[in-house]
Amino acid sequence: MDCKTATSLLEAYLDGELDRELARELEAHVDTCADCQAALADLDRIRHAIRAEAPRYAAPVELRERIKHSLAEAHTARRRPRHQWLMAAGFAMAFLAGGLVTALSMRARGHDDEVARDLFVSHWRSLAATSPVDVVSSDRHTVKPWFAGKLAEAPLVKDFVEQGFALVGGRIDYAGTGRMPVLVYRHGQHLIDVFVLTSDMHVNASGEHREGYALVGATLGGQPAAIVSDLDDEELAKFRQLLDDAK
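Residues numbered from 1 in each chain as written. Predicted model: local features only at pLDDT ≥ 70, side-chain atom pairs only at ≥ 80, totals over all residues. Heavy atoms only, no water.

1. So, the environment of Thr-7
And then number 1: Looking at where Thr-7 falls in the secondary structure, it is placed in helix α1 (residues 3-14).
And then number 2: Distance from Thr-7 to Leu-26, taken between C-alpha atoms, is 9.2 Å for residues 19 residues apart in sequence. (Helix = DSSP H or I, 4+ residues; strand = E, 2+ residues; numbered from the N terminus.)

2. Let's talk about the confidence of the model for the protein chain
And then number 1: Mean pLDDT over the protein chain: 79, with 77% of residues reaching 70 or higher.
And then number 2: By mean pLDDT, the top-scoring element of the protein chain is strand β4 (residues 190-196) (94), and the lowest-scoring one is helix α5 (residues 82-128) (62).
And then number 3: Low pLDDT (under 50) marks residues 100-110, which in the prediction has three contacts with non-local residues, meaning those over four places away or in another chain. (pLDDT = per-residue confidence, 0-100. Contact = heavy atoms within 4.5 Å.)

3. Some thoughts on the pairing of strand β2 (residues 166-175)
Residues in a regular strand point their side chains to alternate faces of the sheet.
And then number 1: Along β2, nine of the ten residues are buried, which leaves the element largely enclosed by surrounding structure.
And then number 2: Where β2 and strand β3 (residues 178-187) come together, nine bridges link them in antiparallel fashion. Bridge pairing links Ala-166 to Arg-186 in β3. (Buried < 20%, exposed > 50% of the residue type's maximum accessible area, 1.4 Å probe, protein only. Pairing = 2+ DSSP bridges.)

4. So, the environment of Val-161
And then number 1: With respect to the secondary-structure elements, Val-161 resides in the loop between α6 (140-148) and β2.
And then number 2: When the C-alpha atoms of Val-161 and Arg-186 are compared, they prove to be 8.9 Å apart, with 25 residues separating the residues in sequence.

5. Topic: the packing of α1 against helix α2 (residues 20-32)
And then number 1: In contact at an axis separation of 10 Å, α1 and α2 are set at 120° when each is read in the N-to-C sense. Compared by their axis directions, α1 and α2 come out oblique. Handedness of the α1/α2 crossing: left-handed. Judged by residue contacts, Cys-3, Ala-6, Leu-9, Leu-10 and Tyr-13 of α1 engage Leu-22, Ala-23, Leu-26, Glu-27, His-29 and Val-30 from α2.
And then number 2: Looking at the contact of α1 with α2 residue by residue, the class counts come to nine nonpolar, one polar and one charged. (Axes fitted to C-alpha atoms, helices over the stretch in contact; angles between N-to-C directions. Parallel < 35°, antiparallel > 145°, perpendicular 65-115°, else oblique. Left-handed = near helix turned anticlockwise from the far one by under 90°. Nonpolar A, V, L, I, M, F, W, Y, C, P; charged D, E, K, R; others polar.)

6. Let's talk about unusual backbone geometry
And then number 1: With phi around 50°, Glu-211 is a residue other than glycine that occupies positive phi space.
And then number 2: Here Glu-211 shows up in the loop between β5 (208-210) and β6 (213-220).
And then number 3: Relative accessible area serves as the criterion here: at 70%, Glu-211 is assigned to the exposed category.

7. Remarks on the packing of aromatic side chains
And then number 1: Applying the stated criterion across every chain yields a total of eight aromatic pairs.
And then number 2: Measuring from ring centre to ring centre gives 5.1 Å for Trp-146 and Phe-147, while their planes differ by 75°; the resulting arrangement is edge-to-face.
And then number 3: The exposure class assigned to Phe-147 is buried, which follows from its relative accessible area of 0%.
And then number 4: Ring geometry for Phe-165 and Phe-239: centres 5.0 Å apart, planes at 40°, overall tilted. On the criterion of sequence distance, the pair formed by Phe-165 in the loop between α6 and β2 and Phe-239 in helix α7 (residues 233-245) is long-range, its members being 74 residues apart. Both residues of the pair, Phe-165 and Phe-239, belong to the buried class. (Phe/Tyr/Trp six-rings, centres within 6.5 Å; stacked < 30°, edge-to-face > 60°.)

8. Points about the state of the cysteines
And then number 1: For the structure shown, the criterion picks out zero disulfides.
And then number 2: Free cysteine: Cys-3, not disulfide-bonded; nearest cysteine sulfur from Cys-33 at 3.5 Å.
And then number 3: Residue classification places Cys-3 among the partly exposed positions, given a relative accessible area of 36%.
And then number 4: In this structure Cys-33 comes out as buried when scored by relative accessible area, which is 11%. (Disulfide = S-S within 2.5 Å.)

9. Structural notes on the pattern of salt bridges
And then number 1: The full count for this structure, using the stated rule, is ten salt bridges.
And then number 2: The salt bridge partner of Arg-117 is Asp-118, with a shortest N-O separation of 2.4 Å.
And then number 3: Overall, the relative accessible area of 17% leaves Arg-117 in the buried class.
And then number 4: For Arg-171, the salt bridge identified is with Asp-173, shortest N-O distance 3.0 Å. Accessibility assignment for this pair places Arg-171 and Asp-173 in one class, buried. (Salt bridge = Lys/Arg side-chain N within 4 Å of Asp/Glu carboxyl O.)

10. With respect to the pairing of β3
And then number 1: The element β3 is extensively covered by neighbouring structure, given that seven of its ten residues are classed as buried.
And then number 2: Inspection of the sheet shows β3 paired to β4 by six bridges, in the antiparallel sense. Pairing of Arg-186 across the sheet is with Leu-191, part of β4.
And then number 3: Count of turn residues in the β3/β4 antiparallel hairpin: two residues, of which Gly-188 carries a positive phi of about 65°.

Next up, the structure:
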């Protein structure tokens, strides 16, 4: 892949719109091209800036006055059932407060939501690929050295085949512009991705679900990690405990 082709694909890559094979080809080029690495980083910074710095506007004075007037009417309309004016007041208060809450929380949630989206997309993309792994092996002594040759720090690699969660292999993937190791396990017909995260990435420990797949936070050898799979909640909890206890 040349730089012209890679540059034309960067935005689609960040949006998770490339199939896994094309994404892998792009990643291989970006890994060896400083110009494309810089272009990818610039696009990601722009995406963060838009989400964090886009202007947000307060409700117009006229709208506030109409809400106050509605509240006054609701309070004085004795013939209305009590629950009706309580609902009206609650709606108005929620409307006024919602803008403030959204403004305060959006910036804090934006990065975490972006990380979650990238992790889900990575898992779905791997399922659509010819193979969900770049190195196929159930031997941790094969998988860990493979990571060591490509990352500054290789993750802890454990096989839990005796507990029903067999190591399939590993791959390197992206969340934002960050490269990270991914360990892949199988439980029955279910594939499980374990993303070993960087220190600035956070995943909701209580988990979230999208389109039948779950994302939960975990730890692996003292490092933050995230699990993405379509396991049921009970099996997911068992696997998460295995990761948390791994040394």
